Each structure stands twice: as C-alpha cells, then as structure tokens.
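# Coordinate inspection notes
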Amino acid sequence: QVQLVESGGGLVQPGGSLRLSCAVSGIMFWIYDMGWYRQALGNQRELVAAITVRGTTNYADSVKGRFTISRDNAKNTVYLQMNSLKSDDTAVYYCNRATTVFPSWGPGTQVTVSS
C-alpha cells in the first residue's frame, strides 16, 4: 500500500522560499507520474505541479516561473522548490500521483506565507 509523507513546510515571509519533500513508499515509484497539490482553507484541492517518469514538468499558471518540481527515483522522493512565495500560496501541500490519484493521501505539510 502506498505511503506518502510530506515535509518541509513552515512559516515564511512574502518573497521567501521553501523546499518541500515527499517520501513515497510501497509502490514502484519510478513508474508513476507524480504531482504536488495544495488545498487552501475553504477551497478545493488543486494540482499545482506535475512531473512525468521521464522528468517532463507542468505547472499551474498561478505558480509557473516560481515553483520547480523534481524527483529522485533512487530516493523515492519528489520535491517542490517554491520561490517568490505569495500570501495566496498559503495552503496545505500534498503529493500524489499526477493523474489518477492514489486513494490514500499523506498528512500534507502546511505552508503559511505571511509577514
């Protein structure tokens, strides 16, 4: 059974940076396209970044040019580098499969952008 554990969130000032990590276990990680999702209070969960098994990336317009997704197949880990953070980026961030999501989600990691 897949296990997803996100980490790296925190409180950061506008314009700051954070790097999120997601450790994945229980599956052959290297055969899945992966994504980072976020859910702000009162909003639906949305996909903000995705990476294919070959490393092709895609981003939501709201984060394009500021966020970078990457993966390390040797470590079964997917990362999200977030730069130039804005208050609108405040949310709980989750990783999961980029297309048909796994039924279980990790606990997520809270990112709060505030001065």
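Everything here concerns the structure above.
For the structure given in this document, a descriptive report is provided here. Only a predicted model underlies this, so the values are computations on that prediction, with no experimental measurement involved. (Residues numbered from 1 in each chain as written. Predicted model: local features only at pLDDT ≥ 70, side-chain atom pairs only at ≥ 80, totals over all residues. Heavy atoms only, no water.)

### Observations regarding the nonpolar core
Note the threshold: Here the nonpolar core consists of buried residues drawn from Ala, Val, Leu, Ile, Met, Phe, Trp, Tyr and Cys, with membership extended through side-chain atoms lying within 4.5 Å. Each residue is assigned to one of three classes by its accessible area relative to the maximum for its type, calculated with a 1.4 Å probe on protein chains only: buried under 20%, partly exposed between the two thresholds, exposed over 50%. Under the scheme used here, helices are H or I runs from DSSP no shorter than 4 residues and strands are E runs no shorter than 2 residues, and both carry numbers assigned from the N terminus. Should any heavy atoms of two residues lie within 4.5 Å, those residues are counted as being in contact.
Counting 29 residues, the largest nonpolar core has Val 24, Met 34, Trp 36, Val 78, Leu 80, Met 82 and Tyr 93 as the members making the most contacts within it. Examining the composition of this core, we find that four residues originate from one element, strand β3 (residues 18-25), more than from any other. In contact with Tyr 93, other than residues within four places in its own chain, are Glu 6, Leu 20, Trp 36, Tyr 37, Arg 38, Phe 67, Leu 80, Met 82, Gly 108, Thr 109 and Val 111.

### Overview of the pattern of salt bridges
Oppositely charged side chains can pair when the atoms bearing their charge come close. Keep this limit in mind: Any Lys or Arg side-chain nitrogen found within 4 Å of a carboxyl oxygen on Asp or Glu counts as a salt bridge.
Inspection of every chain in the model, using the stated rule, returns four salt bridges. For Arg 38, the salt bridge is made with Glu 46, and the minimal N-O distance between the two is 2.9 Å. Between Asp 89 and Arg 66 there is a salt bridge, and its shortest N-O distance comes to 2.7 Å. You can see Asp 89 sitting in the loop between β8 (77-82) and β9 (91-97) and its partner Arg 66 sitting in the loop between β6 (57-59) and β7 (67-72), a full 23 residues away along the chain. No difference in accessibility class separates Asp 89 from Arg 66, as the two residues are buried.

### Side note on the sheet that holds strand β4 (residues 34-39)
Let me state the cut-off plainly: At least two bridges found by DSSP between two strands is the condition for calling them paired. Convention adopted: a line fitted to C-alpha atoms gives each axis, helices being fitted over their contacting stretch, and angles between N-to-C directions are expressed from 0 to 180 degrees.
Taken together, the six strands give an open sheet; going across it, the order is β2-β10-β9-β4-β5-β6, and neighbouring strands pair in mixed fashion. Each edge of the open sheet is held by one strand with a lone partner, namely β2 (10-12) and β6. Across the sheet, the mean angle from the axis of one strand to that of its neighbour is 25°, orientation sign disregarded.

### Overview of the sheet that holds β7
Read from one edge of the open sheet, four strands run β1-β3-β8-β7, paired in antiparallel fashion. Lying at the two open borders of the sheet, with one neighbouring strand each, are β1 (3-7) and β7. For this sheet, the mean inter-axis angle between neighbouring strands, taken without regard to orientation, is 15°.

### Observations concerning unusual backbone geometry
Even without being glycine, Asn 76 reaches a positive phi, approximately 50°. Position of Asn 76 among the secondary structure elements: in the loop between β7 and β8. At Ser 84, a residue that is not glycine, the phi angle is positive and equals roughly 50°. If you trace the backbone, Ser 84 turns up in the loop between β8 and β9. You can call Ser 84 partly exposed: its relative accessible area is 39%.

### Re a nonpolar patch on the surface
Filter applied, for reference: Patch membership requires more than 30% relative accessible area and the absence of a salt bridge. Residues of like charge join within 9 Å; the nonpolar side chains Val, Leu, Ile, Met, Phe, Trp and Tyr join within 5 Å. Note on areas: Shrake-Rupley, 1.4 Å probe, and residue coverage restricted to the protein chains presented here.
Side chains of Met 28, Trp 30 and Ile 31 sit close together on the surface and give an oily, nonpolar patch of about 320 Å² of accessible area. Within the fold, Met 28 resides in the loop between β3 and β4. Judged by relative accessible area, which is 46%, Met 28 ranks as partly exposed.

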